[in-house]
Amino acid sequence: MRDQETYVPFEDDELEATTGEFELSERQALRRVPGLSTELTDITEVEYRQLRLERVVLVGVWTEGTQDDAENSLTELAALAETAGSQVLEGLIQRRNRPDPATYVGRGKVEDLGAMVLATGADTVICDGELSPSQLRNLEQRTKVKVVDRTALILDIFAQHAKSAEGKAQVELAQLEYLLPRLRGWGETLSRQTGGSGRGGGAGGGVGLRGPGETKLETDRRRIRHRIARLRREIKGMKTVRQTKRARRSRNAVPAVAIAGYTNAGKSSLLNRLTGAGVLVENALFATLDPTTRKATTSDGRLYTLSDTVGFVRHLPHQIVEAFRSTLEEVGDSDLVVHVVDGTHPDPEEQVRAVREVLAEVGADRLPELVVVNKVDAADEETLLRLKRLWPEAVFVSARSGRGLDGLREAIEERLPRPAVEVHAVLPYDRGDLVARLHRQGEVLSTSHLPEGTLLHVRVGEALAAELAPFRAGDRLTAEERVGVGR
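Now for a quick tour of the structure.

Analysis parameters
Residues numbered from 1 in each chain as written. Predicted model: local features only at pLDDT ≥ 70, side-chain atom pairs only at ≥ 80, totals over all residues. Heavy atoms only, no water. Helix = DSSP H or I, 4+ residues; strand = E, 2+ residues; numbered from the N terminus. Buried < 20%, exposed > 50% of the residue type's maximum accessible area, 1.4 Å probe, protein only. Contact = heavy atoms within 4.5 Å. Areas by Shrake-Rupley, 256 points an atom, 1.4 Å probe, with all protein chains shown as cover. Core = buried A, V, L, I, M, F, W, Y, C linked by side-chain atoms within 4.5 Å. Pairing = 2+ DSSP bridges. Axes fitted to C-alpha atoms, helices over the stretch in contact; angles between N-to-C directions. Expected span 1.5 Å × (residues − 1). Right-handed = clockwise from strand over helix to strand, strands pointing away. Salt bridge = Lys/Arg side-chain N within 4 Å of Asp/Glu carboxyl O. Parallel < 35°, antiparallel > 145°, perpendicular 65-115°, else oblique. Left-handed = near helix turned anticlockwise from the far one by under 90°. Nonpolar A, V, L, I, M, F, W, Y, C, P; charged D, E, K, R; others polar. Arc of directions from axis to C-beta.

## Comments concerning the overall build of the chain
1) Next: Counting its secondary structure elements, the chain contains 17 helices and 13 strands.
2) Next: Counting across all 487 residues of the chain, residues that qualify as buried make up 48%.
3) Next: Across the chain, contacts joining residues at least 24 apart in sequence account for 69% of those joining residues at least 6 apart.
4) Next: For the chain, the exposed surface amounts to about 25,300 Å²; the carbon and sulfur share of it is 49%.

Structure follows, in structure tokens:
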């Protein structure tokens, strides 16, 4: 009989359990292989195309702010393109009062862009803004390559990274809502009909359906609308499940802390450090989309939850905000928002502004906020001093090295809501279960032992206070016992 194999753990097994290494390796194994041909094919159907980005040229229009703002925006667009699996070749910025209504950039820049595409061998142009259908069509006709805007690029990244059923449904809904007004026919497709008239009819004809019929374009629009309606019903059902879980935590008086922030600021790394959640960590934008909730305990034993949320970005597409609204409502229903900021970013103030803008859309701007500046081990001292002056109550940490995490835990504990009802109770010694719940869900101020049971001075929620009513000490306490309880 063959000896049974024994498993010898690798030294980095613990790392794999805490940073999502298996998921990361799977994602990297599915990345596009550079160098393969992506030449344009003759598209004869409607524009229902999956993005295949490889060699791209970026173009942006600078309408407001400083030159640094425009360059930072294009740098971020390059990071988005690389996250989607493309190779960035060149970038252009044009100074204009507003984008050109026909081609996004002016006539001269369109010619420069076409020449750059030809010289570099690019197969895609990515614009740093949301383009109208006519702008997309005109730019493609002028440059002879695919044209993608910032919104479509972000939606493509979300589609690659969504893992859960809810996340996939939300991304598909956002993509279809973006696609619907941009749906268009190519070549003779516009005149093709699915109904057909007379005796011959078309593929879409039949009893009761003969006549002028509808164009292929109209058929696709109708199908997309039906699919959107179905996805909305599915997401609504998933939202009910999420609300049920949230209500259960609320009934148990468990405080909720939401970790929000700009994409790639280190939210998942912080969650892993604080709770050992094992969430995927990758140096890429929108690496994790699905929210993760883990429980944590304060130094005095109180239970609370920490939830990681989808990252934000400047000009986050409104389709994403709407589709992910049920997920983002996790932030709005929390008791505290831990706002993570990337201390190494060239413009952290703009990141904070963009995040707060989205939080206001889901009603989370009214919640207590704890600003946490991450990656202090890689940031320069001048930037850190400036941020300390800007946000004097912020906590400065490094999720990578663990620096400042104890201070972060203390800051979170200080800002957690405290139970409202103060109770003195004597619990019989056979009610250890209730004593454990008081430590877990309430705040135990003092404990002493009497012949008839455990005397506790606690702060608890109203529901737990009602359960303690039969055990309240009240006038049974002697003066000496009251002094002991107050200690």
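## Focus: the environment of Glu140
1) Next: One can find Glu140 in helix H5 (residues 133-143).
2) Next: Look at Glu140 and you get buried, because its relative accessible area is 11%.
3) Next: Residues Glu140 and Thr103 lie 37 residues apart in sequence; the distance between their C-alpha atoms is 9.4 Å.

## Things to note about the nonpolar core
1) Next: In terms of nonpolar packing, the biggest core is built from 72 residues, with Phe286 and Phe312 touching the most fellow members.
2) Next: If sequence neighbours within four positions are ignored, Phe312 has contacts with Ala260, Gly261, Tyr262, Thr263, Leu328, Val355, Val358 and Leu359.
3) Next: In terms of nonpolar packing, the next biggest core, distinct from the first, is built from 22 residues, Leu274, Val395, Leu405 and Ile412 among them.

## Considering the sheet that holds strand S8 (residues 336-342)
1) Next: Taking strand neighbours across the sheet as the criterion, the six strands line up as S6-S7-S5-S8-S9-S10 in an open arrangement whose pairing is mixed. Because the sheet does not close on itself, it has two edges, and the strands there are strand S6 (292-297) and strand S10 (395-396).
2) Next: Across six bridges, the pairing between S8 and strand S9 (residues 369-374) is parallel. When the sheet's bridge partners are listed, Val340 is paired in S9 with Val372.
3) Next: Running at roughly 170 degrees to S9, helix H14 (residues 405-415) makes contact with strand S5 (256-261), strand S7 (303-308), S8, S9 and S10 of the sheet.

## Points about helix H6 (residues 150-161)
1) Next: The end-to-end C-alpha separation of H6 is 17 Å, in line with the 16 Å expected for twelve residues at 1.5 Å each.
2) Next: Among the twelve residues of H6, ten are classified as buried, and the element is accordingly described as predominantly covered.
3) Next: Inspection of H6 places Arg150, Thr151, Ala152, Leu153, Ile154, Leu155, Asp156, Ile157, Phe158 and His161 among the buried residues, and these make up the whole buried set.

## Side note on the side chain of Gln351
1) Next: Within the secondary structure layout, Gln351 lies in helix H12 (residues 348-361).
2) Next: Judged by its relative accessible area of 3%, Gln351 is buried.
3) Next: Excluding residues that lie within four positions of it along the chain, Gln351 makes contacts with Tyr262, Val341, Asp342 and His345.

## A look at the pairing of strand S2 (residues 87-95)
Regular strands place side chains that alternate from one sheet face to the opposite one.
1) Next: Taken together, the eight bridges between strand S1 (residues 55-62) and S2 define a ladder with parallel strand orientation. Looking at the pairing, Val57 lines up with Glu90 of S2.
2) Next: Following the chain from S1 across helix H3 (residues 67-83) to the adjacent parallel S2, one finds a crossover that is right-handed.

## Some details on the pattern of salt bridges
Any two side chains of opposite charge can pair if their charged atoms end up close together.
1) Next: Taken as a whole and judged by the stated rule, the model has 16 salt bridges.
2) Next: Glu76 is the salt-bridge partner of Arg314, the closest N and O atoms lying 3.8 Å from each other. Of this pair, Arg314 sits in the loop between S7 and helix H10 (318-323) while Glu76 is found in helix H3, placing the two residues 238 residues apart along the sequence. Like Glu76, Arg314 is buried.
3) Next: Glu467 is paired through a salt bridge with Arg437; the nearest N and O atoms lie 3.0 Å apart.

## Points about the sheet that holds strand S12 (residues 443-450)
In a beta sheet, neighbouring strands pair by backbone hydrogen bonds and run either parallel or antiparallel.
1) Next: The three strands lie next to each other as S11-S13-S12, forming an open sheet whose pairing is antiparallel. What marks the edges here is a single partner per strand, and that holds for strand S11 (421-427) and S12. Between one strand and the next, the sheet's axes are offset by a mean angle of 15 degrees, whatever the strand orientation.

## Considerations on the packing of H6 against helix H7 (residues 165-179)
1) Next: Between H6 and H7, the least distance of the axes is 9 Å, while the angle of their chain directions is 155 degrees. Between H6 and H7, the angle falls in the class roughly antiparallel. The crossing of H6 and H7 is left-handed. Touching Thr151, Ala152, Leu155, Phe158 and Ala159 of H6 are Val171, Ala174, Gln175 and Tyr178, all from H7.

## Quick look at unusual backbone geometry
1) Next: Even without being glycine, Lys144 reaches a positive phi, approximately 65 degrees.
2) Next: With respect to the helices and strands, Lys144 occurs in the loop between H5 and strand S4 (146-149).
3) Next: With a phi close to 65 degrees, Asn264 is a non-glycine residue in the positive phi region.
4) Next: Note that Asn264 resides in the loop between S5 and helix H9 (267-275).

## Concerning the packing of H3 against H6
1) Next: Their axes nearest at 9 Å, the elements H3 and H6 cross at an angle of 35 degrees. Relative to H6, the crossing made by H3 is left-handed. Between H3 and H6, the residues in contact are Ser73, Glu76, Leu77, Leu80, Ala81 and Thr83 and Arg150, Leu153, Ile154, Ile157, Gln160 and His161, respectively.
2) Next: For the contact of H3 with H6, the residue count by class is six nonpolar, four polar and two charged.

## Structural notes on H5
1) Next: Every buried residue of H5 is accounted for by Gln135, Leu136, Leu139, Glu140 and Thr143. Here the buried residues of H5 occupy an arc of 125 degrees about the axis, which is enough to place them on one side.
2) Next: Where the residues of H5 are buried, they touch helix H4 (107-120), strand S3 (124-127), S4 and H7.
3) Next: Two residues or fewer past H5, Lys144 is found with a positive phi of approximately 65 degrees.

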